[in-house]
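Examination of the molecular architecture
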Amino acid sequence: MTALSANVDWGAPGRVDRYEGVLVDPFTLTETGTVELDPGSNLSWSYNTENQLQGSLQLLEGDYRMGGYDQMIRVKHTVTIGQSSYTYTMGTLFVSNLSTRDIFTMRQRS
């Protein structure tokens, strides 16, 4: 796939948006793994505000605790139009609250 350019029609039919959760080591800021985000996650992104990205993430699979300590979560957004795609990082977030719930023996963490 090739990168999108400024002259791409961002509203073209067939556009596909994908969001990815990536675990980040809080000390080195290196990516250490991925987690699957629930489509019910709620994110607000705005360029002209103090907090550009905020929201509530729900994880379907994976655990944000690795190596005995909490990881940060980096949210990436990929836009695909035709054969072209563009990925950018929306933000890297600290996990400030954790709750779990079981639905039909499937554990969800948010």
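Per chain, residues are indexed from 1 in the order of the written sequence. Side-chain atom pairs in this predicted model are given and counted only at pLDDT of 80 or more, local residue features only at pLDDT of at least 70, and totals for whole chains, interfaces and linings cover all residues. Only heavy atoms go into the side-chain values, all of them from the structure, while hydrogens and water stay out.

1. Quick notes on the overall build of the chain
Per the secondary structure count, the chain includes 0 helices and 12 strands. Helix and strand definitions here come from DSSP, where helices need a minimum of 4 consecutive H or I residues and strands a minimum of 2 consecutive E residues; each element is numbered from the N-terminal end. Listed by position from the N terminus, the elements making up the chain come as β-β-β-β-β-β-β-β-β-β-β-β. Within the chain, the proportion of its 110 residues that are buried is 30%. Contact criterion: two residues are considered in contact whenever any of their non-hydrogen atoms come within 4.5 Å of each other. Long-range pairs, those at least 24 residues apart, make up 51% of the contacts in the chain between residues at least 6 apart in sequence. Areas reported as accessible are Shrake-Rupley estimates using a 1.4 Å probe. Residue values count occlusion only from the protein chains shown. For the chain, the accessible area works out to roughly 7400 Å², and carbon and sulfur atoms hold 50% of it. Exposure categories follow from relative accessible area, calculated using a 1.4 Å probe and restricted to protein chains: below 20% of the type maximum is buried, above 50% is exposed, and the middle band is partly exposed.

2. Things to note about the environment of Asp38
One can find Asp38 in the loop between strand E3 (31–37) and strand E4 (42–45). Residues Asp38 and Gly21 lie 17 residues apart in sequence; the distance between their C-alpha atoms is 10.0 Å.

None of the figures reported here should be taken as evidence of function without further support.
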